[in-house]
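# An overview of the molecular structure
Read off the chains here:
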Amino acid sequence: MDAKHCLIPCLLVVLVVSAASAASAQRLGEKEDLQDRPLLSLPGSPVQQLLDSDPGLRRAVVFAEERYNRGTNAMHLRKVSKIISASKQLVKGIRYTITAELSNTQCKKSAMLSTCDFYPELHKLKTEVCVFEVWDIPWQGSSTLLKQKCQPVAESSTKETNTVDDLEAPTSHALQEGVELLGMFKEFMVKYNKVYRHQEEADLRLQIFHQNLKTAEKLQSLDQGSAEYGVTKFSDLTEEEFRSTYLNPLLSQWTLHRPMKPAAPARGPAPDSWDWRDHGAVSSVKNQGMCGSCWAFSVTGNIEGQWFLKNGTLLSLSEQELVDCDKLDKACRGGLPANAYASIETLGGLETETDYSYTGHKKNCDFTSNKVAAYINSSLELSKDEKEIAAWLAENGPVSVALNAFAMQFYKKGVSHPLKIFCNSWMIDHAVLLVGYGQRNGIPFWAIKNSWGEDYGEQGYYNLYRGSNLCGINKMCSSAVVN
């Protein structure tokens, strides 16, 4: 059987074998999550040896112990007596998943835990098995306890058995989970026309898909808005692949930003809601493809709106002209809106999408001045106050903005309100177009035109919570000026 015909059957074999192995591991009491990066080779490794080898894990364990003891009414402090398993995952910080035994020490709560000894009598230890998830963000010096689940050690011990009936139940459950995962992956491949070169790549993408399901579930469980996260066309990409292919690392490099003239504030307060799509100032959603050219789409979207408001004609302007001819930016490797405005002024304007069509990769500059369809006279930087941004937008047109796009990889619909640990405002990496704002069921939001095609989010749009400068949405707001 060749690789092409083997793809789905072979994946099923992989899943069946993996599921059976997982069930066997469960029967033996091995609780390691095989999808995460392991920190130890065997369960029950000596605590101090493991902590010495990974200082980050040591900090996570100390943090988990402190939060555990803060939340219990017990008279004596407890601390980790054995680490059963530990893993870490890099997602805008480091997420540690720790399964450990905690036992009573001889110290009362006023003591320093690090100096406390365990009870020598086994019956006084009152050991519990706990699973902790700790999110550590080293550059902020902060940690968050995402999960704590504990139970007495006697309840967590594995019952010995030599009967077939007892062994079949977990195996059947694991196989069912494997089949469901494979079904979801197959639907994903069909829906988004995914084709992999060989079986090894398909196996790898299945593993990444599985891990991304977990990440989407975590986003879902912690979201404070009304967003739905799940399977998207980016679900077979690692975070690093997604960032390097579709995002723009130059946006967070503040030393590269050229100063812009500040915009005058709006003449009046912002209305309760506004959407330029309802007023004809927004073209259809475009697709930047596998090219980090979001900066070009953000800027052309803004200029399309400005040209419409001054001349009454909505044009679809060329992003490819900027990718090819903007000498200040780096084409598919990123760029800055301020540079793009300056380049358009130098070139003399933009051609239409029809005359200079998008290819998604850099080519030789083919700009023709006699085909210029729109020009700009200058550009402005807006206030960083969200109320003032809303008022300026309602009065003057769609705004070029940038944000941290971590939560966008798995966004499907609704108002996204991720925890700030997922969405550091100083790590903005994606340029988009702010077209409006309003409220949904009492939740204030920004309406954001994206450049990942109409099969992303809500017909190509992303809705982000408004009012707390979330994801750095207020950090880089700008607009062209058309006189």
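None of the values given here were measured: they were computed from a predicted structure. Counting of residues starts from 1 at the beginning of each chain's written sequence and follows it residue by residue. Where local features are concerned, this predicted model is filtered to residues with pLDDT of at least 70; where side-chain atom pairs are given and counted, the filter is 80 or more; whole-chain, interface and lining totals use all residues. Excluding hydrogens and water, the side-chain figures rest on all heavy atoms present in the structure.

## A short note on the overall build of the chain
- In this description a helix means any DSSP run of H or I spanning at least four residues, a strand means any run of E spanning at least two, and both kinds are numbered starting from the N terminus. Looking only at helices and strands, one finds twelve helices and 16 strands in the chain.
- For the chain, contacts bridging at least 24 residues in sequence account for 75% of all contacts bridging at least 6.
- For the accessible areas, the method is Shrake-Rupley and the probe is 1.4 Å, while residue cover comes only from the protein chains on display. Accessible surface, the chain: about 23,100 Å² in total, of which carbon and sulfur atoms supply 52%. Here, two residues are considered to be in contact whenever any of their heavy atoms come within 4.5 Å of each other.

## Here we look at a nonpolar patch on the surface
- On the surface, Trp-254, Trp-426 and Met-427 cluster together into a nonpolar patch covering about 300 Å² of accessible area.
- As for its placement among the helices and strands, Trp-254 is situated in the loop between helix H8 (239-246) and strand E7 (261-262).
- Each residue is assigned to one of three classes by its accessible area relative to the maximum for its type, calculated with a 1.4 Å probe on protein chains only: buried under 20%, partly exposed between the two thresholds, exposed over 50%. Looking at Trp-254, the relative accessible area reads 33%, which means it is partly exposed. Residues form patches when they are more than 30% accessible in relative terms and have no salt bridge. Like charges link within 9 Å. Nonpolar side chains (Val, Leu, Ile, Met, Phe, Trp, Tyr) link within 5 Å. Note on definitions: salt bridges are taken to be side-chain nitrogens of Lys or Arg within 4 Å of carboxyl oxygens of Asp or Glu.

## Considering the pairing of strand E14 (residues 443-449)
- The buried count for E14 comes to seven of seven residues, which makes it a mostly enclosed element.
- Along E14, one buried face is formed by Ile-443, Phe-445, Ala-447 and Lys-449 and the opposite face, lined by Pro-444, Trp-446 and Ile-448, is buried too.
- Two strands form a pair only when DSSP identifies at least two bridges running between them. With seven bridges joining them, strand E13 (residues 430-440) and E14 adopt antiparallel strand pairing. Paired with Leu-434 across the strands is Ile-448, a residue of E14.

## Structural notes on the nonpolar core
- Judged by nonpolar contacts, the single largest core of 58 residues is most densely connected at Leu-403, Leu-434, Ile-448 and Tyr-462.
- Contributing elements (two or more residues each) for this core: strand E4 (128-137), helix H7 (199-222), H8, helix H12 (386-396), strand E10 (399-403), E13, E14 and strand E15 (461-465).
- Ignoring sequence-local partners within four residues, the contact set of Leu-434 consists of Ile-389, Leu-393, Pro-398, Val-399, Val-401, Trp-446, Ala-447, Ile-448 and Ile-473.
- Membership of the second largest hydrophobic core comes to 18 residues, among which are Ile-303, Ala-338, Ile-376 and Val-482. Buried Ala, Val, Leu, Ile, Met, Phe, Trp, Tyr and Cys residues form a nonpolar core when they are joined through side-chain atoms within 4.5 Å.

## Quick look at the state of the cysteines
- When two cysteine sulfur atoms are found within 2.5 Å, that pair is recorded as a disulfide. Evaluated as defined, the whole model comprises five disulfides.
- Residue pairing for Cys-107: its cysteine sulfur links by disulfide to Cys-116, the two sulfurs lying 2.2 Å apart. Judged by the torsion about the S-S bond (-115 degrees), the Cys-107/Cys-116 disulfide is left-handed. The pair formed by Cys-107 and Cys-116 is uniform in burial state, with each residue classed as buried.
- With a sulfur-sulfur separation of 2.0 Å, Cys-291 is cross-linked through a disulfide to Cys-332. Note on the Cys-291 and Cys-332 pair: the S-S dihedral is about -95 degrees, so by sign convention the disulfide is left-handed. In this pair, Cys-291 sits in the loop between strand E8 (274-275) and helix H9 (294-311) while Cys-332 sits in the loop between helix H10 (320-325) and helix H11 (337-347), placing the two residues 41 residues apart along the sequence.
- Given a relative accessible area of 1%, Cys-291 falls into the buried group.
- Free cysteine Cys-294: the closest other cysteine sulfur is in Cys-291, separated by 9.0 Å.

## Overview of the environment of Gly-56
- In this structure, Gly-56 sits in helix H3 (residues 55-70).
- By relative accessible area, Gly-56 is classed as buried at 8%.
- In sequence terms Gly-56 and Pro-138 are 82 residues apart; their C-alpha atoms lie 8.8 Å from each other.

## Points about the confidence of the model for the chain
- Per-residue confidence for the chain gives a mean pLDDT of 84; residues scoring 70 or more make up 83%.
- Here residues 1-5 is modelled with pLDDT under 50, and outside its nearest four sequence neighbours on either side it reaches two contacts, counting other chains as well.
- Along the chain, pLDDT gives the predictor's confidence residue by residue, from 0 to 100. Taken as a whole, residues 155-170 scores under 50 in pLDDT and shows twelve contacts with residues more than four places along the chain or in a different chain.

## Concerning the environment of Lys-387
- Assignment of secondary structure puts Lys-387 in helix H12.
- A sequence separation of 117 residues divides Lys-387 from Ala-270, and the C-alpha atoms of the two residues are 7.0 Å apart.

## Comments concerning the side chain of Thr-245
- Along the chain, Thr-245 falls in helix H8.
- A relative accessible area of 19% means that Thr-245 is categorised as buried.
- Only 2.8 Å separates the side chain of Thr-245 from the backbone oxygen of Glu-241, close enough to count as a polar contact. Any pair of nitrogen or oxygen atoms within 3.5 Å is treated as a polar contact; in protein, a donor-acceptor pairing is required on top of that, and neighbouring residues in sequence qualify only through side-chain atoms on both sides.

## With respect to the packing of aromatic side chains
- What counts as a ring pair is set by centres within 6.5 Å for rings of Phe, Tyr and Trp (its six-membered ring), and what kind of pair is set by the plane angle: stacked under 30 degrees, edge-to-face over 60, tilted for all other angles. In the structure shown here, the tally under the stated rule is 21 aromatic pairs.
- Measuring from ring centre to ring centre gives 5.5 Å for Phe-242 and Trp-452, while their planes differ by 75 degrees; the resulting arrangement is edge-to-face. One end of the pair, Phe-242, is in helix H8; the other, Trp-452, is in the loop between E14 and E15, and 210 residues separate them in sequence. The same class applies to Phe-242 and to Trp-452, which are both buried.
- On the numbers, 5.0 Å between centres and 85 degrees between planes, the contact of Trp-452 with Tyr-456 is edge-to-face.
- Aromatic rings pair up to connect Phe-234, Phe-242, Tyr-246, Tyr-411, Trp-452, Tyr-456 and Tyr-462 into one cluster.
- Geometry around Trp-446 places Arg-466 over its ring, the cationic atom sitting 5.8 Å from the centre.
- Ring-over charges, as used throughout, are those where CZ of Arg or NZ of Lys falls within 6 Å of the ring centre and within 35 degrees of the ring normal. Cation over ring: Lys-475 sits above Trp-426, and NZ or CZ is 3.6 Å from the ring centre.

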